Structures are given as structure tokens and as C-alpha cells.
Amino acid sequence: MLIAFFLAGASCASSEENLSPVLEEPSSIDNNPKLVLTVPENFPELTYDTSLNAPTMKGFELGKMLFYDGRLSSDGVVSCGFCHMQDFAFTHHSHIVSHGVNGAIGTRNAPPLHNLAFLNSFNWDGVVTHLDLQPVIPITAEVEMNETFGGIIQKLKKDPEYVDMFDAAFENNKIDAENILKALSQFMIMITSSNSKFDKIEREEGAVFTDQEAAGFTLFNTHCASCHKGTLFTDQSFRNNGLPIDEKYNDIGRSRISGLPQDRYKFRVPNLRNIELTFPYMHDGRFGTLEAVLEHYTSGMVDSGTIDPLFKNDDGHLGLPLTPDEQQQIIAFLKTLTDDQLLNDSRFAEF
């Protein structure tokens, strides 16, 4: 297992150069050892600065407790895990867009929550650039969890178990917004997907592609990898991929954050790991199958003014020239990105 956390100081089978970052010293808090986040050899460097919030055993346990606790919402029901379910790679099948307290309906599809420690920004429009701050949006949004941090703090302070857990996890012992957010991050940065069939092939661990998968990989590198780049399968850019404008939401995407007209209808290029399980697809969940996604890229694209130039062909056609057989080959490759180890890892499971 190349992505794991260990007690600091424990021995590791991997070579030292593949253990970036290694958290060096045990925590100064008694009975709260630091955890080591091991970066797989085929992954990029972390973007999350663990020196400012080093994950510890107690911090991770507290973050997990908070992640699955409905008391972070105003109705006491909707937790982070309500929309981010481990069985579906920490996303949600039942709802096309996020559902919140008392049946409120959001406007965007819940994205998966793996490999967050390697990202530069978050949400479909990149409005947040630090993971510690990302939960503020769903927690306070009226159509999601609809709660205040003041309200959460008061609820947690009344629970003796939480009082003890915050005391054990943080040296200042405080139940406050900063520690709530840090604990959630300590849990989320450990949710790493790196043990799919593709990873085992890339790391030469004995797995091999079928002929169908190999053909799909070649097609993917030709038509898709310029945006879904590298081992994260995203270049973390924001692009207009030719979706017809949904009049129901009229979501202008990145432009809502930047204020720039050239960013209208641009959304984050999603990572494709576990894509077999993270349907429905696109920012508004409009496509229920990978077949529908590939059909869109082949014959369903429209130019709403800011479509990415990569999709414009010299003959005036928009999209990718893929036959039905080629679409199926790409889908076969995409299914090699499913990480069953993540889906069944008890460390991240709801209690």
C-alpha cells in the first residue's frame, strides 16, 4: 500500500525518497502520535502544507467524527458524509445536485473528495484556495447545511465526548471554528485514491491492460489528456466544455468568482479517478452515464462564446472525432481508474 498513514517513527517498506512528506517527530500531546502521509511514487508533491496542520491520530479521529455528524447542519441530519459517501468515492448518486436541510436543493453536483491534498483550489468554480476553508461554504450555505459556526460550537461544547476529543487533538484544547476546520482537513487529506488498476500498471506492480483498455488509453492520451492531465487526471484549469446552457440554473461558472466575461461557463476540469462510480457527471449532474458523456463530446457540444479552442476543428465541427467503438474503448480505460481499496478502507468508513 503506497498511500497510507503510519505512526511516526514506524518502519516502512517503501524507499525513503517515496515518503514525502515524512512528519518527523511524535506529537507533543500525550497519546496523540503524528501520522505520516505517504505520497505514492507516481503522484505529484502535496499542495497542502502539513507543517501548518500536521495530521495526528486524535485529530484524524475528530475530523472523521465531525465529517459524519449531522449536528454540523441546522436540522441535525445533513452531514458532510450525507453528500460524500465512501461507497461512491465520496460523492452522491441519488441526487443530481446537492440536497440540503429540509429538502433544500442546490445548483451543483457534489464532487468526489479524494486526493484533495494535491489540489490548488476547490469547488466547481475554484472559489476556495485552501482546504481548511472549503467546508465553510457547504456548512453555511442555506441550501446545504445552513448552520453557523457559533451554532455548531455551542452544540459541540454540550457534548462531553467532543470536549474530550478536542482536548486530546489540539494543544489549546479549544472547541472553535479554527480547530473544527483543521480537524476536518486532517481527515480529508488522508482520503487518497492511488491503488487502481491504472496505478498498479503505472508503478509496474504486475497489472496489465486488456486489449480494449490499452486501446482506450491510447485514445485517451490523444483526445483527453491535455485537460485530464497526469496522475491526478486534471490540469486543475477551468474550461468551457461545450455544454448547452441550462436555463434552470443559468450557472455562469468561474465568471461568478473572477468577474471576467471570458470565464463565463467555465468550470473546473474534474479529476477522473473512480469516474465509473461518481455519476451523475458535469457540474450540474446532467449526464447519468459515461456513454452520455462521450456522446456529448462527440456530437453534443455547442459554442456559448467561451468554448475551449481545443474543441474547435478546422472543418467547423465541435468536439472529438470518436466512433462508437472508440468511445467504448475509452470507457474501458476509464474503469481502470476505480480504486476498490479506497472504497473499502475502514479508516474512512462511517461509524
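Right above here is the structure, for reference.
Quick notes on the rules
- Residues numbered from 1 in each chain as written.
- Predicted model: local features only at pLDDT ≥ 70, side-chain atom pairs only at ≥ 80, totals over all residues.
- Heavy atoms only, no water.
- Helix = DSSP H or I, 4+ residues; strand = E, 2+ residues; numbered from the N terminus.
- Rg over C-alpha atoms; globule rule 2.2 N^0.38 Å.
- Buried < 20%, exposed > 50% of the residue type's maximum accessible area, 1.4 Å probe, protein only.
- Contact = heavy atoms within 4.5 Å.
- Phe/Tyr/Trp six-rings, centres within 6.5 Å; stacked < 30°, edge-to-face > 60°.
- Lys NZ or Arg CZ within 6 Å of the ring centre and 35° of its normal.
- Expected span 1.5 Å × (residues − 1).
- Polar contact = N/O pair within 3.5 Å; in protein donor to acceptor, adjacent residues only side chain to side chain.
- Core = buried A, V, L, I, M, F, W, Y, C linked by side-chain atoms within 4.5 Å.
- Axes fitted to C-alpha atoms, helices over the stretch in contact; angles between N-to-C directions.
- Parallel < 35°, antiparallel > 145°, perpendicular 65-115°, else oblique.
- Nonpolar A, V, L, I, M, F, W, Y, C, P; charged D, E, K, R; others polar.

Caption draft 1: Spotlight on the overall build of the protein chain. For the protein chain, the helix and strand inventory stands at twelve helices and four strands. Taking 20 Å as the expected radius of gyration for a compact globule of 351 residues, we find that the protein chain reaches 21 Å, a close match to that expectation. For the protein chain, the C-alpha atoms occupy an extent of roughly 65 × 50 × 30 Å along the three principal directions. Within the span of the protein chain, comprising 351 residues, buried residues form 54% of the whole. Across the protein chain, contacts joining residues at least 24 apart in sequence account for 67% of those joining residues at least 6 apart.

Caption draft 2: Structural detail: unusual backbone geometry. Following Phe279, the chain continues to Pro280 via a peptide bond in cis, the omega torsion being 0°. Note on placement: Pro280 falls in the loop between strand E4 (267–268) and helix H10 (290–300). The backbone of Asn173 sits at a positive phi, close to 65°, despite the residue not being glycine. Among the secondary structure elements, Asn173 is positioned in the loop between helix H5 (160–169) and helix H6 (177–188). In this structure, Asn274 is a non-glycine residue whose phi angle is positive, near 60°. For Asn274, the position within the fold is in the loop between E4 and H10.

Caption draft 3: Seen up close, the packing of aromatic side chains. Tallied over the full model, the rule gives 21 aromatic pairs. The interplanar angle of 45° and the centroid separation of 5.4 Å between the aromatic rings of Phe209 and Phe217 together place this pair among those described as tilted. For Phe217, a relative accessible area of 26% puts it in the partly exposed group. Here the aromatic rings of Phe279 and Tyr281 are separated by 6.5 Å at their centres, their planes lie at 65°, and the arrangement is edge-to-face. Each residue in the set Phe60, Phe67, Tyr68, Phe90, Phe187 and Phe348 is aromatic and connected to the rest through ring pairs, giving one cluster. Sitting above the plane of the Phe351 ring, Lys64 keeps its charged end 4.9 Å from the centroid.

Caption draft 4: Focus on the side chain of Glu147. Along the polypeptide, Glu147 turns up in the loop between helix H3 (136–140) and helix H4 (149–157). Not counting the four nearest positions on each side in its chain, Glu147 is found in contact with Leu72, Ser73, Ser74, Ile139, Thr140, Ile152 and Lys155.

Caption draft 5: Up close: H6. Taking 1.5 Å per residue as the helical rise, H6 with its twelve residues ought to reach 16 Å, and the 17 Å between its terminal C-alpha atoms agrees with that figure. For H6, the buried fraction is high: ten of the twelve residues fall into the buried class.

Caption draft 6: The arrangement of the environment of Lys248 in detail. With respect to the helices, strands and loops of the structure, Lys248 is situated in the loop between strand E3 (238–239) and helix H9 (255–258). Classification of Lys248 by relative accessible area gives exposed; the value is 67%. Separated by 46 residues in sequence, Lys248 and Glu202 have C-alpha atoms that sit 42 Å apart.

Caption draft 7: Representation of the side chain of Ser237. Looking at the element boundaries, Ser237 is found in the loop between helix H8 (211–223) and E3. Residue Ser237 is classed as buried on the basis of its relative accessible area of 19%. At a separation of 2.6 Å, a polar atom in the side chain of Ser237 contacts the side chain of Asp235. In terms of polar contacts, Ser237 uses its side chain to reach the side chain of Arg239, at 2.9 Å. Non-local contacts of Ser237, meaning those with residues more than four positions away in its chain, are made with Phe267, Arg268 and Val269.

Caption draft 8: Region of the structure containing the nonpolar core. Core analysis: the largest hydrophobic core is formed by 49 residues, its most contacted members being Leu62, Leu66, Phe166 and Ile180. Contributions of two or more residues to this core are made by strand E2 (35–37), helix H1 (57–67), H4, H5 and H6. Examining the composition of this core, we find that six residues originate from one element, H6, more than from any other. Look past the residues within four positions of Phe166 in its chain and what remains in contact with it is Leu62, Leu66, Leu156, Asn173, Lys174, Ile175, Asn179 and Ile180. Ranked by size, the runner-up nonpolar core spans 27 residues in total, among them Phe198, Ala225, Leu272 and Phe333.

Caption draft 9: Summary view of the packing of H8 against helix H11 (residues 324–334). Remark: H8 packs on H11, axes separated minimally by 7 Å, with the N-to-C direction vectors making an angle of 100°. Of the possible angle classes, the one that applies to H8 and H11 is roughly perpendicular. Of the residues in H11, those in contact with Gln212, Glu213, Ala215, Gly216, Phe217, Leu219 and Phe220 of H8 are Glu326, Gln328, Gln329, Ile330, Ala332, Phe333 and Leu334. Class assignment of the residues belonging to the contact of H8 with H11 gives a composition of eight nonpolar, four polar and two charged.

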